[in-house]
Amino acid sequence: MSADVVFCPTKNHLKQIKNWLIAEHHKTGEGFYCNWNIIESSYKREELCCITSNNVAIGFAAWGRNEPIAHLDIVEVHPDLRRKGFGKTLVEGCFNHFRNLGLLVVDLECQPPTSEPVWRCLGFYDFPEFERFSSNYSDSVNLYRPLITHLEANTQSEAIEVVELWDKEPYPARDLEPVWTWSILRQENTQKLISPIIHPCDPNWRMRWRKENKVLQDEKVKRFSKDSKNWNRYITMTEL
C-alpha cells in the first residue's frame, strides 16, 4: 500500500480525517476528535499535513511554529492502519518539511503517554529537568529533536575555545562546574559555527564563552547575544 505525505491537504482530505476521527470516537471513546478545533485551526494556518493513499487521508499531523522551533501538536494514523509504518513516514516527511522551512528543532508532548517509546525511536530526547518545565508540565513527558546536524555537548573544558552552560542561574552556579560544554569550531574566516549549538535551556541559566583562560562573556542565557532574545526554550546558536 503506497502512501504520499501531502503538505497542502484539501478540504476533502480534512473531511475524510474528520469522518474517521468521529467514527473512532463513537466506537472507542478515544482518538483526537476531542481536539478537532486544534486540527481545523492548523488547517486554516496551513500547518496541517496528511498522509494519503489513493488520495484518501489515512493520517495527519497538526503542528505549529515559533521560529526556529516547530511543535507537533497532534499526530494520528487511521485506527485500521496503525503499526504499518505510515506514522513513521508521516513524521519523517514532517521533519523534511520543517527543514525546508529553515526550522532547527521540533518538540512535542507525549499524548497519550504510551506513545513515548515511538517518539524515542524517532530520535527524540528528554528535556533537561528544570523548574520552569517541571512546574508547567508535571504530568506529561516532553521531548525534543534537533532537525539538523548540531554540535554535541562534551566535557572538553581544556579546548581552546568553549561555550559552557549551567542548569542554574549565575549566582547559584558561581562555584559549580558547567553541566554542558561545547568546543567551538568556525567556518574559515567567518563567525559562523561549523555546526550550530541546539539545546534546551531556561533563559535565566548561566552561560559562559571562554577562550583559553580568558572569559569573553558570562551572562544569563537571555542576555548572551543579540539573538538570545529568541532563546526562550532553546539555545539555537549558529555563529559566535
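Cut-offs and rules
- Residues numbered from 1 in each chain as written.
- Predicted model: local features only at pLDDT ≥ 70, side-chain atom pairs only at ≥ 80, totals over all residues.
- Heavy atoms only, no water.
- Helix = DSSP H or I, 4+ residues; strand = E, 2+ residues; numbered from the N terminus.
- Buried < 20%, exposed > 50% of the residue type's maximum accessible area, 1.4 Å probe, protein only.
- Salt bridge = Lys/Arg side-chain N within 4 Å of Asp/Glu carboxyl O.
- Pairing = 2+ DSSP bridges.
- Contact = heavy atoms within 4.5 Å.
- Axes fitted to C-alpha atoms, helices over the stretch in contact; angles between N-to-C directions.

Trainee: Could you clarify how one ought to interpret unusual backbone geometry in this entry?
Mentor: Excluding glycine, a negative phi dihedral is what most residues carry, and trans is how most peptide bonds are arranged. Between Glu-67 and Pro-68 the backbone carries a cis peptide bond, its omega angle lying at 10 degrees. Structurally, Pro-68 is set in the loop between β3 (56–66) and β4 (69–77). At Asn-55, a position not held by glycine, the phi torsion is positive, near 65 degrees. Structurally, the position occupied by Asn-55 is in the loop between β2 (48–53) and β3. Exposure remark for Asn-55: the relative accessible area of 52% places this residue in the exposed category. Phi is positive for Arg-83, which is not a glycine, with a value near 60 degrees. Considering the arrangement of structural elements, one finds Arg-83 in the loop between β4 and α3 (86–100). In this structure Arg-83 comes out as exposed when scored by relative accessible area, which is 86%.

Trainee: Looking at this structure, I do not really get the pattern of salt bridges. What am I missing?
Mentor: Note that side chains of opposite charge can pair when their charged atoms are close. Going through the model one piece at a time under the given rule, you end up with 16 salt bridges. In this structure, the salt-bridge partner of Arg-186 is Glu-161, at a minimum N-O distance of 2.7 Å. In this pair, Arg-186 is assigned in the loop between β9 (180–183) and β10 (192–200) and Glu-161 in strand β8 (residues 161–165), connecting sequence segments 25 residues apart. Look at Glu-161 and you get buried, because its relative accessible area is 9%. The closest approach of N and O atoms between Glu-239 and Lys-192, which form a salt bridge, is 3.5 Å. Within this pair, whereas Glu-239 is found in strand β13 (residues 234–239), its partner Lys-192 is found in strand β10, the two being separated by 47 residues in sequence. Residues joined by salt bridges that share partners form a network here, namely Arg-45, Glu-47, Arg-65 and Glu-67.

Trainee: Explanation requested: the sheet that holds strand β7 (residues 142–146) in the structure shown.
Mentor: To summarise the sheet geometry, strands pair through backbone hydrogen bonds and adopt either a parallel or an antiparallel arrangement. Pairing is mixed across the open sheet formed by seven strands, whose spatial order is β1-β2-β3-β4-β5-β7-β6. In this open sheet, the two strands that pair with only one neighbour each are β1 (4–6) and β6 (125–126). Here strand β5 (residues 105–109) runs beside β7; their pairing, made up of five bridges, is antiparallel. Looking across to β7, one finds that Val-106 is bridged to Arg-145. Contacts from helix α1 (residues 11–28) reach β2, β3 and β4, with the element oriented near 100 degrees to β3. Helix α2 (residues 36–44) rests against β2, β3 and β4 of the sheet, and its axis sits at about 75 degrees to β3.

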